[in-house]
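# Architecture at a glance
Chain by chain, the residues run as shown.
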Amino acid sequence: MALRQDDKKFHTLLDNKWVGSKSGETVKIYSPDNQEVTGEIPALSQAEVDAAVAKTADVQPNWEALDGTERSELLHRWAQELEKMTDEIGDMIHKEVGKTLSAAKSEVKRTAQLIRHTAEEGLRTHGSFIQGDAFPGASKSTKAMVQKVPHGVVLAIAPFNYPVNLAASKIAPALITGNTVVFKPATQGAVSGLLMVEALVKAGLPEGVLNVVTGRGSVIGDFVVTHPKIDMITFTGGTATGQHIAKKASMIPVVLELGGKDPAIVLQDADLDKAAKEIVSGALSYSGQRCTAIKRVMVVNEVADELVAKVKERVAALKVGPSSDDADITPMIDQKSADFVVSLIDDAKQKGATVVHEGIQDQNLLGPTLLDNVTEDMEVAWEEQFGPVLPFIRISNELEAIDLERRNAYGLQASIFTKNLENAFTIADKLNVGTVQVNGKTSRGPDHFPFLGVKNSGQGVQGIGRSIDSMLRDKVLVLNL
Ligand code: G3P
């Protein structure tokens, strides 16, 4: 059988066979643009997930035993097959998660580049050799050889907003290091993820090295996270789900990339045109549905009016509409997410925020809303909106920005806009976040940079090299000569 059952129904991949669920049950995926069914994927049972995990565990030793160069060559072929499918996968991303076609195709191209880089970087993992006599009382004849070995079976859980890139950013490092993979895509984006896997099958994926478990989170979510044959979990998604996984998954390493409340801190000497451009792009691309989106602006009073005016001018020029119209601001992933954003706007308005620009509200299509004079009693100052609303908090100086940032539950990234780099470094030192961007928007790329969040924004480190490291553990061989 093939991946496609018909133009709407899709199989999942178990042991290199495209199959439906034994029950015939499916989960429907609805387009954010028009709420029509864009696809149906199998709703697997716990027994089917159990068999899938068991198989990846059975074949893992053989996969690990392969030469690294052979695993690397598979990834290079995967990248080639993925690029050949750019139009097909890009179109599916566009339909499933409401990205514009151009942004969706860019995601596929970026993913092929990530896979190639991983295929090379993954060949350069080295252990170490330690002399015993470096420690008092230990002899020269005691020596340690520290190898880097795979964990075993990696559970890779991807989010809706990058259904291909943030899946491959987990799968590729896992495979190159000799782990096998159980891939759990987000429901919205699952077909895009399955098409990405189809490219991997075309590239020569050995049977059982990667299995895809699709279905209802309520049925298989905890089951797969707590499965005894899962040896490591890597997850990108909302903070609440990440925290739940961390609690459930005991005694295995867990890497989490979660939510954020990334500030753009704008100081008096900032280039306000550049800051406005970066803020609009950073806050509103993909309608703000990015964990690294700029989610609040902290601007010193002296330049606040000018900055707000510049941002407003840019926002007013943005096209709002369905992703099929290549709009700048497109429908949010679902109504529940849109309703949450509206609740934050209403709360801020009731508490006295100044509405600088109010976006339309048409079901899950929200135009961008700019709120000025946001104060700490307003929820939008602290909650992750994950949508097209941007609060401006006016501050007296950078110390206030540092205090606001440190009291925030999240710690993903922060942007500082200033011409004084020494001042930027001084502020950066005091921010409790994973990454500080100087004179640029908050963002994950380029994909080989370390990428991490602290506090409620995650644990562990991603980014190609660091993701590879996270898929390996030490194994020490002590020679007593
Ligand atoms: O939301 C996921 C996060 O990884 C966003 O990535 O590349 O848009 O900064 P990026």
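Residues numbered from 1 in each chain as written. Predicted model: local features only at pLDDT ≥ 70, side-chain atom pairs only at ≥ 80, totals over all residues. Heavy atoms only, no water.

Named according to an unreviewed UniProt entry, the chain is NADP-dependent glyceraldehyde-3-phosphate dehydrogenase originating from Alkalicoccus luteus.

### Quick notes on the site of the ligand
Selection rule: Summary of the distance rule: residues count as near a molecule or strand when at least one heavy atom falls within 4 Å of that molecule or strand. Two N or O atoms form a polar contact when they lie within 3.5 Å of each other; inside protein one atom must be a possible hydrogen donor and the other a possible acceptor, and for residues adjacent in sequence the pair counts only when both atoms belong to side chains. Per-residue accessibility takes into account occlusion by the displayed protein chains alone, with areas from the Shrake-Rupley method and a 1.4 Å probe. Think of a 1 Å grid over just the protein atoms. A cavity is a set of points where a 1.4 Å probe fits yet cannot get out, a pocket is an open set with protein on both sides within 12 Å along at least five of seven lines, and lining residues have an atom within 4 Å of a point. Pocket occupancy is defined atom-wise: a molecule lies in a cavity or pocket when more than half of its atoms are within 2 Å of its grid points. Residues are grouped as follows: Ala, Val, Leu, Ile, Met, Phe, Trp, Tyr, Cys and Pro are nonpolar; Asp, Glu, Lys and Arg are charged; every other residue, Gly included, is polar.
All residues adjacent to the ligand are R110, N161, Y162, L166, E257, R290, C291, T292, S443 and R444. Side-chain polar atom of R110 to an oxygen atom of the ligand: 3.1 Å apart, as the coordinates give it. One of the side-chain nitrogen or oxygen atoms of T292 is found 2.6 Å away from an oxygen atom of the ligand. In the complex, the protein chains occlude 97% of the 310 Å² of accessible area that the ligand would expose alone. The cavity where the ligand resides is the second largest pocket. Looking at side-chain class alone, the shell around the ligand contains three nonpolar, three polar and four charged residues.

### Details of the UniProt feature "active site" (unreviewed entry) in the chain
Keep this limit in mind: UniProt positions are given in the numbering used here, feature names are shortened, and annotations may be inferred rather than shown by experiment. Buried means the residue's accessible area, taken with a 1.4 Å probe over protein chains only, is under 20% of the maximum for its type, while exposed means over 50%, and partly exposed covers the values in between. Any two residues whose heavy atoms approach within 4.5 Å at even a single point are treated as in contact.
With numbering aligned to this structure, UniProt lists the feature "active site" (unreviewed entry) at E257. When its relative accessible area of 3% is taken as the criterion, E257 is described as buried. In this structure, E257 is in contact with L166, F235, T236, G237, C291, F451, S457 and Q462, ignoring residues within four places of it in sequence.

### Some points on the layout of surface pockets
Taking a probe equal in size to a water molecule and rolling it over the atoms shows the remaining empty space. How we decide: Grid points are joined across faces, edges and corners, and a volume is the space filled by probe spheres set on the points. We count a stretch as a helix when DSSP gives it H or I for four or more residues in a row; a strand needs E for two or more, and each element gets its number in order from the N terminus.
If you add up the space inside the largest pocket, you get close to 1,300 Å³. Along the wall of the largest pocket there are 43 residues; nearest its centre are F160, F235, G237, G238 and T241. Of all elements in the fold, only α7 (217–225), β10 (232–236), α8 (239–248) and α11 (335–350) reach the threshold of two or more residues within the lining of the largest pocket. Its residues assigned to classes, the lining of the largest pocket shows 19 nonpolar, 16 polar and eight charged. Roughly 600 Å³ of volume is contained in the second largest pocket.

### A closer look at helix α5 (residues 165–176)
This is how it is decided: Helix span, expected: 1.5 Å multiplied by one less than the number of residues in the helix.
With twelve residues, α5 ought to run about 16 Å at 1.5 Å a step, and its terminal C-alpha atoms sit 16 Å apart, in line with that. With twelve of its twelve residues buried, α5 lies for the most part within the structure. Taken together, the buried positions of α5 are occupied by N165, L166, A167, A168, S169, K170, I171, A172, P173, A174, L175 and I176. Once α5 finishes, G178 follows within two positions and takes phi at roughly 95°, a positive value.

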